[in-house]
Amino acid sequence: MILQILQNYIQLLLLNFAKDDSIHETATDFDSVIYKKAVCYMSDNIHRKISTEEIAKHCNVGTTFLKNIFKKYSGLSIHKYFLKMQMRNASELLDSGKS
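Given the structure is predicted, the values throughout are model-derived calculations rather than measurements.

A. Molecular detail of the nonpolar core. In terms of nonpolar packing, the biggest core is built from 20 residues, with Ile34, Met42, Ile55, Leu66, Phe70 and Tyr81 touching the most fellow members. Elements that contribute at least two residues to this core include exactly α2 (27–44), α3 (52–59), α4 (63–74) and α5 (78–95). Take this core: its biggest share by element is seven residues, from α2. Look past the residues within four positions of methionine 42 in its chain and what remains in contact with it is Ile50, Ile55, Phe70, Ile78, Tyr81, Phe82 and Met85.

B. Focus on α4. The end-to-end C-alpha distance of α4, which contains twelve residues, comes to 16 Å, matching closely the 16 Å that a straight helix rising 1.5 Å per residue would cover. Taken as a whole, α4 has its buried residues at Leu66, Ile69 and Phe70. For α4, the angular spread of the buried residues around the axis is 100 degrees, confining them to a single face. Exposed and facing more than 90 degrees away from the buried side of α4 are Thr64, Asn68 and Lys71.

C. Highlighting the pattern of salt bridges. Following the criterion strictly, the structure yields two salt bridges and no others. A salt bridge links glutamate 54 to arginine 48; its shortest N-O distance comes to 2.2 Å. A residue is classified by how much of its surface remains accessible, and glutamate 54, at 23% relative accessible area, is partly exposed.

D. Geometry of the packing of aromatic side chains. In the structure shown here, the tally under the stated rule is five aromatic pairs. Aromatic pair tyrosine 35 and phenylalanine 70: ring centres 4.9 Å apart, planes at 55 degrees, arrangement tilted. Linking tyrosine 35 in helix α2 with phenylalanine 70 in helix α4, this pair joins segments that are 35 residues apart in sequence. Taken individually, tyrosine 35 and phenylalanine 70 each receive the classification buried, so the pair is uniform in this respect. With centroids separated by 5.2 Å and ring planes inclined at 75 degrees, the aromatic side chains of phenylalanine 70 and tyrosine 81 adopt a geometry described as edge-to-face. Here phenylalanine 70 is found in helix α4, whereas its partner tyrosine 81 is found in helix α5, with eleven residues between them in sequence.

E. Region of interest: α3. Those residues of α3 lying buried are Thr52, Ile55, Ala56 and Cys59. Along α3, the residues classed as buried sweep out an arc of 100 degrees about the axis, all on the same side. With respect to the buried face of α3, the exposed residues turned more than 90 degrees away are Glu53 and Lys57. A positive phi of about 60 degrees marks asparagine 60, the residue just after α3.

Procedures and definitions
Residues numbered from 1 in each chain as written. Predicted model: local features only at pLDDT ≥ 70, side-chain atom pairs only at ≥ 80, totals over all residues. Heavy atoms only, no water. Core = buried A, V, L, I, M, F, W, Y, C linked by side-chain atoms within 4.5 Å. Buried < 20%, exposed > 50% of the residue type's maximum accessible area, 1.4 Å probe, protein only. Helix = DSSP H or I, 4+ residues; strand = E, 2+ residues; numbered from the N terminus. Contact = heavy atoms within 4.5 Å. Expected span 1.5 Å × (residues − 1). Arc of directions from axis to C-beta. Salt bridge = Lys/Arg side-chain N within 4 Å of Asp/Glu carboxyl O. Phe/Tyr/Trp six-rings, centres within 6.5 Å; stacked < 30°, edge-to-face > 60°.

So, in structure tokens, the structure goes:
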């Protein structure tokens, strides 16, 4: 678990460094990176059933931590957010004539 946290921390530092040559980092930045990583994973796997545990494992964080970040950024639970993503995707497919 500590190794996973360090990997995420280093990844965040590298992202910040590449963005503005700065190594300033806050907990909010780390949370934001984890949130974006989770949303990307959900988007990439929108056509299959995935669990909160699977998303947390992909992000190298615990499920409770991920749930709290998700609530903070989206105002929704992970499950509800994923359902909304799937519904939006289904609507777009119907609008484009695909099924």
